[in-house]
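Structure assessment
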Amino acid sequence: MSIRFQFDHYSRRDIMRIAAASLAGTSCSGWLPRLAHAAAGKRPPKACILLWMSGGPSQLETLDPKPGHRNGGPTKAIATAVPGISLSDNLPLLAKQMRDVALIRSMKTREGDHGRATQLMQTGYRPMGGGTEYPVLGSLVAQRNAPHDSPLPGFVSIAPFRFGNLGSGFLGPRYSPLLVSGASNNPTTRANLTVENLEPVGIPRDGLDNRQQLLQLMRAGMAGESASALKHAAVYDQAMRMVETRGEGAFNLDEEPAELRDAYGRSRFGQGCLLARRLVERGVPFVEVSLDATGDASWDSHLNNFRAVTSMCGTLDPAWSTLLTDLRQRGLLESTLVVWMGEFGRTPKINPNSGRDHFPDAWSVALAGASIAGGQVIGETTADAMEVKDRPVSAADLFATVLESIGISSSSSNSLGDRPIPIVDEGGTPIKELVG
């Protein structure tokens, strides 16, 4: 049974629910154990919002249009706020933000399968069939930048959808994301963003009060007895703090002006971007917002690519551009990196179904904010978009750039037992034009 928890309506029963989840150890989101570490820490100076485009959006209909070439199809290019840089006409609002946006048009990877490519772009490591479970980017950032005394988790994933079963890997469940989903994608209503997996499965609500009493007894009995007991107590206390502070109000989107919510778009993705800003504003260092489909369209556009991408961009463009504006107006853009990417691009050659297929050879990613130098383009593809013409960028290079831009050394390592695991795969180098 899947049970959801809506942050707009905290109650004593909600508190019981979280307490029982902690007691039973059934929190699938896995972030509660992380809260047990009460060591003092400072709020990280920079954060990251990942706009994850699951399915692999077409670069030719977004960041690297090729008007006039048969591979470009009917998509037109439009001017942006930076002379000489053009975007697809599907992104007119983002075009106005180009002074803060850097385009990488020369991504070159080697994975054309959804699952394998997702693992590569989310972890920075190619799937090799070994036993090492590499953590996703959000877990790495949470490990390095999350304040230890915050009532909020260090990694929040909104409307999560990705191919493959990825998570915090060898870093452990304390760096797993808090999952926030939504039951409604109706553009005429507010997004129904909910927090999942906080209630133990199979425990009736009328039994939670008894479990709360049992929890108190157990805590009293175990106090000072063991490290696990202390850890459990800290988990409970932190969970209570989150509830009592209503997650510092982060999840109550009704506090926002209706006009701003409209500007983001009343879609799950649009409201998710707004929630991402609110979480970053409250010290959460990594937030992922996913967009994989809207209505009958998706980024995985093997059929009717042009109609699908236009539809997807109708949701993407207002949310992405408003997020940048909102962060800038609040003085947060200089400390918050916004990454836009999927797992690969689409084939330049249009297939017989007016679609584009998987294509990892030459595709695009966009970065904005933090220490990224915007208003420029890294790399170039050939006129037919089939190959990278200049400055190929690997997944490891991108990872190194992202981490450096938010103050995490790309040359640092984690440990797996006695084995050092570089935070960035071998050969990954930050793009100097973007991060200096």
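A brief look at the structure comes next. (Residues numbered from 1 in each chain as written. Predicted model: local features only at pLDDT ≥ 70, side-chain atom pairs only at ≥ 80, totals over all residues. Heavy atoms only, no water.)

1. Section: the overall build of the protein
Short version of the rule: We count a stretch as a helix when DSSP gives it H or I for four or more residues in a row; a strand needs E for two or more, and each element gets its number in order from the N terminus. Throughout, exposure labels follow a simple rule: accessible area from a 1.4 Å probe, protein chains only, divided by the maximum for the residue type, with under 20% read as buried, over 50% as exposed, and the rest as partly exposed. Only the protein chains shown count as cover for residues, and the accessible areas themselves come from Shrake-Rupley with a 1.4 Å probe.
Check the secondary structure of the protein and you find 11 helices and 20 strands. Burial analysis of the protein (436 residues in total) assigns 58% to the buried set. Split by element, the accessible area of the protein, about 17,100 Å² in all, is 50% carbon and sulfur.

2. Some points on the pattern of salt bridges
For clarity, the threshold we go by: By definition here, a salt bridge exists when the distance from a side-chain nitrogen of Lys or Arg to a carboxyl oxygen of Asp or Glu is within 4 Å.
Applying the stated criterion across every chain, the model contains 21 salt bridges. Between R266 and D262 there is a salt bridge, with its nearest N and O atoms 2.9 Å apart. The network of salt bridges with common partners includes E255, E256, R277, R278, E281, R282, D326 and R330.

3. Topic: the packing of aromatic side chains
Formally: Aromatic rings from Phe, Tyr and Trp, with only the six-membered ring used for Trp, were paired whenever their centres fell within 6.5 Å, and each pair was classed as stacked if the ring planes differed by under 30 degrees, edge-to-face if by over 60, and tilted otherwise.
All chains considered together, the criterion is met by 4 aromatic pairs. Ring plane angle 5° and centroid distance 3.9 Å describe the contact between Y125 and Y134, whose orientation is recorded as stacked. Like Y125, the residue Y134 is buried in the burial classification. For the pair W320 and W340, a centre-to-centre distance of 5.3 Å together with 10° between the ring planes defines the contact as stacked. Of this pair, W320 sits in helix α9 (residues 305–329) while W340 sits in strand β12 (residues 336–342), and the two are 20 residues apart along the sequence.

4. Quick notes on the packing of helix α3 (residues 114–123) against helix α10 (residues 395–405)
The cut-off we apply is this: Helix axes use the C-alpha atoms of the stretch in contact, all axes being lines fitted to C-alpha atoms, and the angles between their N-to-C directions lie in the range 0 to 180 degrees. We call two residues in contact whenever any of their non-hydrogen atoms come within 4.5 Å of each other. Each residue gets one of three labels, nonpolar for Ala, Val, Leu, Ile, Met, Phe, Trp, Tyr, Cys and Pro, charged for Asp, Glu, Lys and Arg, and polar for the others, Gly among them.
Viewed as axis vectors pointing N to C, α3 and α10 meet at an angle of 35°, and their least axial separation amounts to 8 Å. Along the contact surface, α3 presents L120, M121, Q122 and T123, while α10 presents A395, L398 and F399. The residue inventory of the contact of α3 with α10, partitioned by class, reads 5 nonpolar, 2 polar and no charged.

5. Quick notes on the side chain of N90
Filter applied, for reference: Polar contact is defined as a pair of N or O atoms within 3.5 Å, subject to the rule that within protein one atom must be able to donate a hydrogen and the other to accept it, and that residues adjacent in sequence are counted only when both atoms are side-chain atoms.
Here N90 lies in the loop between β4 (86–88) and α2 (92–95). With relative accessibility at 12%, the residue N90 sits in the buried group. There is a polar contact of 3.1 Å between the side chain of N90 and the side chain of T310.

6. A look at helix α8 (residues 268–281)
Given 3.6 residues per turn, any residue in an α-helix points the same way as the ones three and four places further on. Applied cut-off: Here the expected length of a helix is defined as 1.5 Å per residue gap, with one fewer gap than residues.
Here α8 spans 20 Å end to end across 14 residues, near enough to the 20 Å set by a 1.5 Å rise per residue. Burial of α8 is extensive: 12 of the 14 residues sit out of reach of the surface. Of the positions making up α8, those classed as buried are F269, G270, Q271, G272, C273, L274, L275, A276, R277, R278, L279 and V280. Following α8 by one or two positions, G283 has its phi on the positive side, about 100°.

7. Some details on the pairing of strand β5 (residues 101–107)
Rules: DSSP-based pairing: two strands are paired if at least 2 bridges between them are found.
Taken across its 7 residues, β5 has 7 buried, putting it largely inside the fold. In the sheet, β5 pairs with strand β15 (residues 363–369) via 5 bridges, with the strands oriented antiparallel. By the bridge assignment, L103 is partnered in β15 with A366. By the bridge criterion, 3 bridges tie β5 to strand β16 (residues 376–378) in an arrangement that is parallel. The partner of A102 across the bridge, within β16, is Q376.

Without other data, these values stay purely geometric and don't point to any function.
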